[in-house]
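What follows is the residue order along each chain.
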Amino acid sequence: MTVQEMKIAGDGLSTRDINRKIKEGLRENIKKFSIESNAELDSIVVGIREDAEFILSGRFGDFVGALNHGPKIEIHGKTGRYVGNNMTAGEIIVHGDADDGVGFGTYNGTIVVHGDAGDGIGQLNKGGVIIIDGDIGDLAGLYMLSGDLIITGDTGKDIGDWIIGGNIYVGGEFETGTNAKVMEPERNDLDKLSSLFSRYSIDASPEEFKKIQRKEIRPFYG
């Protein structure tokens, strides 16, 4: 069966216009969308619960792919802040740099950035897999609750600050925050990293990574 595709030329359209066209397409059972825009519009492709595929090309603003449950989004270009904010399922792959807050509050699903990212990556991550194939800024994994945060490059200050659960893996230089401890990855960690690197075409050696977890179970109560 041929999969129908909707192509949207986004320049000159508003966020509302683009998202309305997407919803109209989904109602017509279209499962593949191509969107081109350089307007850096916020909140493109949000709140989607259908199993659909989106290819975005250009420059996009904040909250791309937020609140989604299921779709696959591939972005060719730069994105703004909070890519995949609070998503609960699905996959977002960015071929370019992303700004602050990638994967903020993510419940599940996978976000991969093949480029650098800003501050606050994976804050309050509740179960998602977030991979940054590049360098990032400060305060990654702040108050992280679960899931995996993987950084292949260098980080800024205070990674894992007040981490509560989950795993952070870093391949480059880093500086841990409060209540974070550094460990050598175990066999299951290396297997997990190998599988993810193969799946998402990441050229990195798992053996060169360090693992960061919480230091104390009840850091707030002494």
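Residues numbered from 1 in each chain as written. Predicted model: local features only at pLDDT ≥ 70, side-chain atom pairs only at ≥ 80, totals over all residues. Heavy atoms only, no water.

**A look at the nonpolar core**
Counting residues in hydrophobic clusters, the biggest one holds 42 residues, and the most contacted among them are Ile22, Val45, Phe54, Leu56, Val102, Ile121 and Ile132. Counting 12 residues, the second-largest nonpolar core is a separate cluster that includes Ile93, Val129, Ile150 and Tyr169. (Core = buried A, V, L, I, M, F, W, Y, C linked by side-chain atoms within 4.5 Å. Buried < 20%, exposed > 50% of the residue type's maximum accessible area, 1.4 Å probe, protein only.)

**Section: the sheet that holds strand 7 (residues 126–132)**
Taking strand neighbours across the sheet as the criterion, the 11 strands line up as 1-2-3-4-5-6-7-8-9-11-10 in an open arrangement whose pairing is mixed. The open sheet has two edge strands with one neighbour each: strand 1 (5–9) and strand 10 (180–183). In this sheet, neighbouring strand axes are inclined to one another by 15° on average, regardless of whether the strands run parallel or antiparallel. Strand direction decides the pairing type here: strand 10 and strand 11 (residues 210–214), joined by four bridges, are antiparallel. Across the sheet, Lys181 pairs through a bridge with Gln213, a residue of strand 11. (Pairing = 2+ DSSP bridges. Helix = DSSP H or I, 4+ residues; strand = E, 2+ residues; numbered from the N terminus. Axes fitted to C-alpha atoms, helices over the stretch in contact; angles between N-to-C directions.)

**Here's the deal with the side chain of Asn85**
On the secondary structure map, Asn85 appears in the loop between strand 4 (69–78) and strand 5 (89–95). Those residues in contact with Asn85 that sit more than four places away from it in its chain are Phe63, Ala66, Leu67 and Phe104. (Contact = heavy atoms within 4.5 Å.)

**Details of the pattern of salt bridges**
A complete count under the given rule lists nine salt bridges for this structure. Between Lys72 and Glu91 there is a salt bridge, with its nearest N and O atoms 3.8 Å apart. Here Lys72, found in strand 4, pairs with Glu91, found in strand 5; they are 19 residues apart in sequence, far enough to count as distant. The shortest N-O distance in the salt bridge between Arg187 and Asp191 comes to 3.3 Å. Residue Arg187 and its partner Asp191 are located together in helix 2 (residues 187–199), separated by four residues, close to a single helical turn. Residues participating in the shared-partner salt-bridge network are Lys72, Glu91 and Arg199. (Salt bridge = Lys/Arg side-chain N within 4 Å of Asp/Glu carboxyl O.)

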